[in-house]
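This is what each chain is made of:
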Amino acid sequence: MTTALTPDAAVGSRTPGADAQDATATVEIFGPQGWFAVCAREDLIPGRGVAALLPDGEQVALFVDRAGRAYAIANRDPFTGAYVLSRGLTGSSANRPFVASPLLKQRFDLATGECLDDPSVSVRAYQVRVRGEEG
Amino acid sequence: MAAAATPNTTPARPTIVLVGHGMVGQRFLEELADRGVTERARVVVLCEEPRPAYDRVQLTSYFAGRTPEDLSLTEAGFMERHGIELHLGDPATAIDRDTRTVTARSGLTVRYDSLVLATGSYPFVPPVPGKDSTGCFVYRTIEDLLDIEEYAKNSGTGVVVGGGLLGLEAAGALKGLGLTTHIVEFNPRLMALQVDEGGGSALRRTVEEMGLEVHTGVGGKEIVAGDGGTVTAMELSDGSRIDTDLVIFSAGVRPRDQLARDCGLTVGERGGITIDEQCRTSDPAVYAIGECALASDGRVYGLVAPGYDMARVAADALAGQDGSFTGADLSTKLKLLGVDVASFGDAHGTTEGCLDVVYSDSRSGVYKKLVIGAEGELLGGVLVGDAEAYGMLRPLTGSVPPLAPEQLVLPAGAGAPAALGPSALPDDAVICNCHNVTKGAIRSAVTEHSCGTVPEVKKCTKAGTGCGSCVKALTSLVNDELEASGVSVDKGLCGCFPHTRAELYEIVRTLRLTTFAELLDSHGRPEARDGDGCEVCKPTVGSIIASLAPTLGADGYVLDGEQAALQDTNDHFLANLQKNGSYSIVPRIPGGEITPEKLIVIGEVARDFGLYTKITGGQRIDLFGARVDQLPQVWARLVDAGFESGHAYGKALRTVKSCVGQTWCRYGVQDSVRMAIDLELRYRGLRSPHKLKSAVSGCARECAEARGKDFGVIATSNGWNLYVGGNGGADPRHADLLAQDLDDEELIRLIDRFLMFYIRTADRLERTSAWLERIDGGLDHVRDVVVHDSLGLCDELEALMADHVHHYRDEWAETLNDPERLSRFVSFVNAPDAPDPSVRFVPERDQVKPDLTLLAGPTLPVRTLEGTSV
Ligand SMILES: Cc1cc2nc3c(=O)[nH]c(=O)nc-3n(C[C@H](O)[C@H](O)[C@H](O)COP(=O)(O)OP(=O)(O)OC[C@H]3O[C@@H](n4cnc5c(N)ncnc54)[C@H](O)[C@@H]3O)c2cc1C
C-alpha cells in the first residue's frame, strides 16, 4: 500500500461528464477550484459518511441523510487532530443534521460546520450538489 | 501481667482495645477510621471467632449459597490500611481495670487507654435435661451453621425450640436441608415479641402451609438421648413426644457481660453492661456497645441498627465529638420463610387510650393492624403477609396520617386509594432505618450535593445500603425531588425516544420491527419522527435488533442494509478506532489457548503490516495501527489461518479468560480451559447493552479473577459456582454468587438465562454490575427470575440464546466473501487505492507508535508530505 497519492488520477473516471453519460447521479463538492465530482450518489449510505480527497489534498467528510440531502464538512476532528469525522454517527437534533466525532463524540452541524457542544469551535463546511438525479 | 505488648504506647499515641469483632465492633472500627482516630491511636482488636466480622443478619443466606467470604463485612485491606491489629481466634479472658490491661486466651496482654466491649449475645439454652446431647445446636455463628449442615446430612427430622424471629429462620433452614421440621414455642403464638395474636395466626397458617409443624403453648421437657448420647426424641410439657435426630435451641439471647461482671463493672439485674448516653460503662475508660450493652433507657437491644448507633456514639466520644444514644426504634421488616413480616412503633397497643384498625384475611395469610392514638396519630402497627406499606407507614409514626387509617390497611384494588407517596412524609421522617437517614437528608443530597440518580444518593447518604427495604421509597423521593428542582426526570433514552432501552427492546421484540426507521417513525418523540435519530439511539437500537435478529427473522450481519448506518465506527469497520484514526485488530483466542502455529501467524501478520503488538488483559493479542484499507488484507491472512473476529470492537462478549486448570495445575479441580472455550464459543458475537467479560477458574484460588467479571465461574470439587455482576475498571465490584455446585449443563443453562435477562432489561451502556445494583430487588430478584423462574420467562430466554448460538456467523469471514461489503474499506471514496496520509507512525521501543505531529497543526499539508502536487 504505497500507491502515490494522485487524487486527480483517482477521480478521473468520475468526471461529471462521464457520470451524466451513464445517467448516474453524481455528488459534487465546491472546492478551491470550483465544483469537483467526488462519487456516485449510490456510493453513499444514508446516515453514514465517507471521506473524499479534494484536488488540493484537503480531506472532506461527505454524508447523505435519510431524506437524501448531501452534506460535506472538513474531515479533520479539531479536538483530536485526527481525520475521522467521516466515520462518525450522524443524527438530527432540532432539525439540524449533525455528525458526532467517533473519537470524543463532539457533534458538528453538517450544514454549517459549527460544533454543537462547543460554540467556539467549528470546521469548514463545503457546498455540495447532486447532479443528474433526474436523468 | 508479664510481657505487656505495648510497643507504641506513649501519651501521644493512646491505645484503644476493642473486645469482640462482630457486626457492631466492625462498624465501630469504620466509624473510628472515618474520624481519623485510627491515625492518632493504636487500635487492637480481640476477636473470638476464627474469622473477621461478617453479616450475622444474613447468616441464613449461607444455606442459599452465600459463602462465608460473601458474608464478610470486612473489606479487604481495611485493617492494614488503618493500621489496626486484629487477633483472630483470641478472645479476651480478663480485664484489670487498675492496671488498665486486657488479657487474651493466648496470653497476650495489652494496656489500654480506652476499652470498648462489643461482645454481643449468646443464645439462651433452657435448662432442660439432655440439652448437651450430641445433635443439639444453637444458631448464632457461621461455625454453628457448618456444624448443623454436616449433622443434618444424616438426619431425617429436626426440632427448633423457639418460634421467634430466629427460630423461624432456623426452621426454614432445616426445611431447606430436607428435614421434617417442627417448631416448639412456649408462647401461645409465633413471633410473640413482634406480632399480636391476629398476626401470629396469619403467620402460623402460612408457615403450616409450607409443611412445617407448629406446636405453640408448649415447652420442651426433656431431650431423650440414645446410645452414645445422641438425640433421639424430645418430650414436651403436654406429655407428647417428637422423635427427632436434631434440636436447635433458639429461645432468645442473653448479653455476654461475664467479662464486665468479673472486673466489677455495673451490669443490669437481668443482664447487660450498664452504659450512659455516651455508651460509657461505670468506668469512664470502658465503653460497651451493641447487644452486650444495657442502654440508658433500660433496654438491651437485640437488633443491629441500634448497635450501629452505639458504635457511632462511642466513636464520637473517643474522637472528642458529641453524640448520644438514648434509645431506638424496634421496628423491623423481615422476610421469614418467604413471608413479609413487619412491626413498628407501639405494635402491641400499650399506649393509654389507643385504638386498633385491623384488616385480616386468613385465606391469603394477610394481617394488618394499625395502632391509632387519641388524637388520630399513628402509634405503630403490625403487617403480616403484605408489608408493602411499611416503608411509608413507619416514618409516619407519631404524626396524623394524611389518609384515614382504614384506607391505609386496605389491600390495593379493594377500594384502597392510590398508594400514599413518600412526598406526604415530613422532612424529619426516617426513610432508611439502618443508617438513620431522614427524608430531609435525602432531599438535600439531591438539592445541595447535586446527586442526580439513586445510586449517587445511596453513595452520598448511605441510605438504602443496609437491608434495602427502603429503596423503593428512596427512588420515588429522589425522582420527586429532581422533578421539583426542575430537573426533568425523563427516563427516555435520548432526544429521539421517550423510552428506556428495556422498553425499546420489548417494543422491537413484540412488534417484530426490523429497522430503525420504522421504530423511530412509530415510537419516536413527535419532533424526532422522520428524522435521522442520533448517535445515542442508533447504535442502541442497532444492538437490540442484532441481538434479536434470529428471532425477528432479520439479518444478523451488522454491516447489512440500514444496520450499516446504525453502528458506530468500530462496529462498522469491525475493528477498534485509535487516536490517530488507525484501527486495532483482536482475533479471538478462546479461553486464551493458542497453538504455536497460530501464534506464529499473528507474529507474521504483525510484522508484515508493521503493526504494534500488545498482549491484552483478556488473554489475547491486540494488533495496532492498521489503516481502514488494510483491515481486509490483514483479516484475509488471519481468517485463512483459522482465526475469527474477537468482537473487541462491539458491545458484545469479549473474552472468557481461564487459568490452566486441572489438566496441568496441581490444585485444579475442574478443566477450566475447556469450560472457558465452550463458553466463549457459545456466547461469541452476542450483542448486549455493554461489553461482557467472563472468566473460569479451576479452583478456589481463583487465578482467572472470575469474580471481577460480568459472569465468572469458579470450579468446586462438585462442579461449578456461578458468580455474576463483577466489574474491574474505575468502580470495581466483586461478582455475587448466583448458584453453586452446578454441573456443566446447569451452568450453561443458567448463564443463558442470566445473559438474556440482562440484555432484555438493562439500560444502554449499563454493565451487569450497575444493572444488578439498580433493578428492583437486586440479586435476589435476578435469582428468582433465572433460577426459580418466578416470571415464567426461562423457556423464552433459553430459546433466544439457542437462536443466537444457532445463527452465529463470523463477521470477518462473511465480509471477506462479499465484494459489496469490502468496497467500504477504503480511506477515500474517490481514491480507493490511496492510503490516508495522516495515518503515519514513528518508532518506539522496537515497534511503532502514532506520529501525532501530523495531527497537531490546524491543517495537514498533504501535498508536501506525499511529494505530489495537484
Ligand atoms: C440468624 C440471625 C438473624 C438475625 N436477623 C436480624 C435481623 O433481621 N435484623 C436485626 O436487626 N438483627 C438481626 N439479628 C441480630 C444481629 O445479628 C445482632 O443484633 C448483631 O449481630 C449484634 O452485633 P454485636 O456486634 O453486638 O454482636 P455480635 O455480632 O454477636 O458480635 C459479638 C462478637 O464478639 C465476640 N466475643 C464475645 N466475647 C468475646 C471475648 N471475650 N473476646 C473476644 N470476642 C468476644 C463474639 O464471638 C462475636 O463475634 C440476627 C441474628 C441472627 C443470629
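The shown structure was predicted, so the numbers you read here are calculated from the model rather than taken from an experiment.

(A) Up close: the overall build of chain A. Assigned secondary structure in chain A consists of two helices and 10 strands. Starting at the N terminus, the α and β elements of chain A follow one another as α-α-β-β-β-β-β-β-β-β-β-β. Among the 135 residues that make up chain A, the fraction classed as buried is 53%. In chain A, once contacts between residues fewer than 6 apart in sequence are set aside, the share between residues at least 24 apart is 39%. For chain A, the computed accessible surface area is about 5700 Å², with 48% contributed by carbon and sulfur atoms.

(B) Here's a closer look at the interface of chain B and chain A. At the interface, 53 residues of chain B touch 43 residues of chain A. Summed over both sides, the interface of chain B with chain A buries roughly 3800 Å², with 56% coming from carbon and sulfur. Inspection of the chain B/chain A interface yields one salt bridge. Inspection of the region where chain B meets chain A yields 13 residue pairs in polar contact (both at pLDDT 80 or more). Residue classes in the side of chain B that touches chain A are distributed as 23 nonpolar, 16 polar and 14 charged.

(C) Summary view of the sheet that holds strand S4 (residues 92-96) of chain B. Residue and element names in this part refer to chain B. Pairing is antiparallel across the open sheet formed by three strands, whose spatial order is S4-S5-S6. Here the strands that pair on one side only, and so sit at the sheet edges, are S4 and strand S6 (109-111). With strand direction ignored, the average angle separating the axes of adjacent strands in the sheet is 20°.

(D) Geometry of the state of the cysteines. All names here are of chain B. By the definition in use, this model includes zero disulfides over all chains. Not part of a disulfide, Cys496 finds its nearest cysteine sulfur in Cys537, a span of 3.9 Å. Overall, Cys496 belongs to the buried group, its relative accessible area being 4%.

(E) A look at the site of the ligand. All names here are of chain B. Within the structure, the ligand sits among 28 residues, and Val24, Glu48, Glu49, Arg140 and Glu291 are positioned closest to it. Note that an oxygen atom of the ligand is positioned 2.9 Å from one of the backbone N or O atoms of Val304. Contact with the protein chains removes 94% of the 990 Å² of surface that the ligand exposes when unbound. Counting only elements with at least two residues in the shell around the ligand, the list comes to helix H1 (23-34) and helix H6 (165-176). Tallied by class, the residues present in the shell around the ligand amount to 14 nonpolar, seven polar and seven charged. Both domains that furnish three or more residues to the shell around the ligand are identified here as domain 1 (15-121 + 255-318) and domain 2 (125-251).

(F) Highlighting the packing of aromatic side chains. Residues and elements named next belong to chain B. According to the stated counting rule, one finds 16 aromatic pairs over all chains in the structure shown. Note on Phe573 and Tyr583: the rings are 5.7 Å apart at their centroids and 65° apart in plane angle, and the pair reads as edge-to-face. With Phe573 in helix H19 (residues 569-573) and Tyr583 in strand S29 (residues 583-585), this residue pair connects regions lying 10 residues apart in the sequence. Pair check on accessibility: Phe573 and Tyr583 agree, each one buried. Between the aromatic rings of Phe757 and Trp771, the centroid separation amounts to 5.8 Å while the plane-to-plane angle is 70°, which identifies the pairing as edge-to-face. On the criterion of sequence distance, the pair formed by Phe757 in helix H23 (residues 744-761) and Trp771 in helix H24 (residues 768-774) is long-range, its members being 14 residues apart. Of the aromatic side chains, those joined through ring pairs into one cluster are Phe573, Tyr583, Trp635, Trp812 and Phe825.

(G) Looking closely at the sheet that holds strand S15 (residues 241-243) of chain B. All names here are of chain B. Taken together, the three strands give an open sheet; going across it, the order is S13-S14-S15, and neighbouring strands pair in antiparallel fashion. Strands at the two margins of the open sheet, each flanked by one partner only, are strand S13 (220-225) and S15. Going across the sheet, the axis of each strand differs from the next one's by a mean of 20°, ignoring polarity. The pairing of strand S14 (residues 231-236) with S15 spans three bridges and is antiparallel. Counterpart to Ala233 in the pairing with S15 is Asp243.

(H) Structural context of the packing of helix H15 (residues 501-511) of chain B against H23(B). Residue and element names in this part refer to chain B. Running from amino to carboxyl end, H15 crosses H23 at an angle of 105°, the nearest separation of the two axes being 6 Å. In this view, H15 runs roughly perpendicular relative to H23, as classed from their interaxial angle. Across from Arg501, Ala502, Tyr505, Glu506 and Arg509 in H15, the residues of H23 making contact are Ile759, Arg760 and Thr761. When the residues that make up the contact of H15 with H23 are grouped by side-chain class, the tally is three nonpolar, one polar and four charged.

Cut-offs and rules
- Residues numbered from 1 in each chain as written.
- Chains lettered and ligands numbered in written order.
- Predicted model: local features only at pLDDT ≥ 70, side-chain atom pairs only at ≥ 80, totals over all residues.
- Heavy atoms only, no water.
- Helix = DSSP H or I, 4+ residues; strand = E, 2+ residues; numbered from the N terminus.
- Buried < 20%, exposed > 50% of the residue type's maximum accessible area, 1.4 Å probe, protein only.
- Contact = heavy atoms within 4.5 Å.
- Areas by Shrake-Rupley, 256 points an atom, 1.4 Å probe, with all protein chains shown as cover.
- Buried area = accessible area lost by both parts, 1.4 Å probe.
- Salt bridge = Lys/Arg side-chain N within 4 Å of Asp/Glu carboxyl O.
- Polar contact = N/O pair within 3.5 Å; in protein donor to acceptor, adjacent residues only side chain to side chain.
- Nonpolar A, V, L, I, M, F, W, Y, C, P; charged D, E, K, R; others polar.
- Pairing = 2+ DSSP bridges.
- Axes fitted to C-alpha atoms, helices over the stretch in contact; angles between N-to-C directions.
- Disulfide = S-S within 2.5 Å.
- Near = heavy atom within 4 Å.
- Domains from an automatic or database assignment.
- Phe/Tyr/Trp six-rings, centres within 6.5 Å; stacked < 30°, edge-to-face > 60°.
- Parallel < 35°, antiparallel > 145°, perpendicular 65-115°, else oblique.

The values reported here are purely geometric and, on their own, carry no functional implication.
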